[in-house]
Amino acid sequence: MTTPRIAFIGAGNMAASLIGGMRAQGVGAESIRASDRGAEQREKISAQYGIDVFASNAEAINGVDVIVLSIKPQAMKEVCLDLAPHIKDGQLIVSIAAGISSASLANWLGERAIVRCMPNTPALLRQGVSGLYANPQVSAEQRQQAEQLLSAVGLALWLDEEHLIDAVTAVSGSGPAYFFLLIEAMTAAGEKLGLPRETAEKLTQQTALGAAQMAIASDVDAAELRRRVTSPAGTTEAAIKTFQAGGFEALVDAALNAAAQRSAELAEQLGK
Ligand SMILES: NC(=O)C1=CN([C@@H]2O[C@H](COP(=O)(O)OP(=O)(O)OC[C@H]3O[C@@H](n4cnc5c(N)ncnc54)[C@H](OP(=O)(O)O)[C@@H]3O)[C@@H](O)[C@H]2O)C=CC1
Ligand SMILES: O=C(O)[C@@H]1CCC=N1
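Parameters at a glance
- Residues numbered from 1 in each chain as written.
- Chains lettered and ligands numbered in written order.
- Predicted model: local features only at pLDDT ≥ 70, side-chain atom pairs only at ≥ 80, totals over all residues.
- Heavy atoms only, no water.
- UniProt positions renumbered as here; feature names shortened; annotations may be inferred.
- Contact = heavy atoms within 4.5 Å.
- Polar contact = N/O pair within 3.5 Å; in protein donor to acceptor, adjacent residues only side chain to side chain.
- Helix = DSSP H or I, 4+ residues; strand = E, 2+ residues; numbered from the N terminus.
- 1 Å grid on protein atoms, 1.4 Å probe; cavity = no way out; pocket = protein on both sides within 12 Å on 5 of 7 lines; lining within 4 Å.
- Buried < 20%, exposed > 50% of the residue type's maximum accessible area, 1.4 Å probe, protein only.
- Domains from an automatic or database assignment.
- Pairing = 2+ DSSP bridges.
- Axes fitted to C-alpha atoms, helices over the stretch in contact; angles between N-to-C directions.

1. What about the UniProt feature "binding site: NADPH" (unreviewed entry) in the protein?
Part 1: If you check UniProt for "binding site: NADPH" (unreviewed entry), the listed places come out as Asn57 in our numbering.
Part 2: Sequence-distant contacts of Asn57, that is, excluding residues within four places in its chain, are made with Ile9, Ser35, Val79 and Leu83.
Part 3: At a separation of 2.6 Å, a polar atom in the side chain of Asn57 contacts the side chain of Ser35.

2. Some details on the environment of Thr230
Part 1: Mapped onto the fold, Thr230 is located in the loop between helix 10 (222-229) and helix 11 (235-245).
Part 2: With 10 residues separating them along the chain, Thr230 and Ile240 place their C-alpha atoms 8.6 Å apart.
Part 3: Setting aside residues up to four positions removed in sequence, Thr230 forms contacts with Thr236 and Glu237.
Part 4: Within polar-contact distance, the side chain of Thr230 engages the backbone oxygen of Arg226 at 2.7 Å.

3. Brief notes about the UniProt feature "binding site: NADP(+)" (unreviewed entry) in the protein
Part 1: Feature annotation in UniProt places "binding site: NADP(+)" (unreviewed entry) on Ile9, Gly10, Ala11, Gly12, Asn13 and Met14, given in this structure's numbering. In this structure, the second largest pocket is lined, among the annotated residues mentioned, by Ile9, Gly10, Gly12, Asn13 and Met14.
Part 2: Structurally, Gly12 can be placed in the loop between strand 1 (6-9) and helix 1 (13-24).
Part 3: Owing to a relative accessible area of 24%, Gly12 belongs among the partly exposed residues under this scheme.
Part 4: Those residues in contact with Gly12 that lie beyond four places of it in its chain are Asp36 and Gln41.
Part 5: Take Met14: it is sitting in helix 1.

4. Section: the domain arrangement of the protein
Part 1: Domains assigned within the protein are domain 1 (6-163) and domain 2 (175-266).
Part 2: Here domain 1 and domain 2 have C-alpha centroids that lie 32 Å from each other.

5. A look at the sheet that holds strand 1
Part 1: Spatially, the eight strands line up as an open sheet ordered 3-2-1-4-5-6-7-8, and their pairing is mixed. Strands at the two margins of the open sheet, each flanked by one partner only, are strand 3 (52-54) and strand 8 (154-158). Taking each pair of neighbouring strands and ignoring which way they run, the sheet shows an average axis angle of 25 degrees.
Part 2: In this sheet, strand 8 lies alongside strand 7 (residues 128-134) in parallel orientation, the contact comprising five bridges. Across the sheet, Ser130 pairs through a bridge with Ala156, a residue of strand 8.
Part 3: Its contacts with the sheet place helix 1 against strand 1 and strand 2 (32-35), and it is angled at close to 155 degrees to strand 1.

The structure is reproduced here in structure tokens:
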């Protein structure tokens with residue numbers, strides 16, 4: 001399969017992560033272009049990845065196979081209505097916006113092949129994960145194009161039902177922020193225990209990486225891996241009991257529910 005030509009509409013954080021990951025995987029700069037309303041943003045992404053940039057969204061999509069909508073959900077309706085007359089049959093729309101349904105996109109863009117997906121920022125290091133949903137207009141070749149785009153920057157998992165994107169957003173779209181929060185908190189606690197900040201930070205970061213890699217590589221689940229660290233009446237048990245007494249699991253459950261609910265609310269507020 002040849003590399004599809006891709007235009008990113010909005011060259012912010014997430015577009016940069018996807019473009020950076022694709023370039024690192026060897027996708028040629030000539031296959032990627034981006035538009036952004038900000039001159040500084042355009043210069044930055046062009047200098048960093050050697051891609052062509054455009055001030056006009058309509059110009060950016062001319063002749064591409066895939067249009068990635070990578071603007072904030074709040075900007076989506078206006079951008080789509082402006083872009084609609086310029087989209088050609090056969091162009092695939094990929095939206096990465098939280099909480100904007102394929103039905104809303106179809107209202108603004110017309111009946112088009114649309115893949116909704118929820119990536120995450122570790123895409124920049126090609127360690128991302130995305131959930132993808134294709135509407136019925138998406139052809140087998142277009143499914144492959146979307147998968148090729150997202151699998152260039154990590155794991156790409158198809159979903160049969162669109163509403164599950166809210167759950168993906170809560171788990172992995174927003175997920176890096178939860179792990180960063182834990183890294184911040186563990187680093188601060190380590191520092192309070194007397195470690196130099198840099199040492200506390202490195203210990204925490206490497207532990208997070210090692211634990212994630214063990215969870216992926218192991219044939220037992222995370223609960224069993226946790227039990228293997230937790231010696232009876234030992235140090236880990238003291239920490240885990242403290243987490244549980246503070247309602248850790250319920251807190252995580254409530255946090256992910258809040259994210260999923262916000263995703264559904266955005267759809268309600270911004271989808272009309
Ligand atoms: N960040 C993340 O971790 C993730 C984000 N997403 C989704 O990705 C999308 C983008 O998020 P993110 O990259 O963080 O956002 P950013 O604000 O970093 O990027 C959006 C870019 O689009 C520009 N822009 C705004 N309006 C227009 C327009 N009319 N035409 C062209 N460019 C425009 C913005 O400029 P300006 O700054 O001037 O507004 C900005 O540079 C969102 O929909 C979000 O839900 C999905 C998964 C993870
Ligand atoms: O916070 C947000 O709304 C976006 C979507 C997932 C990650 N960032």
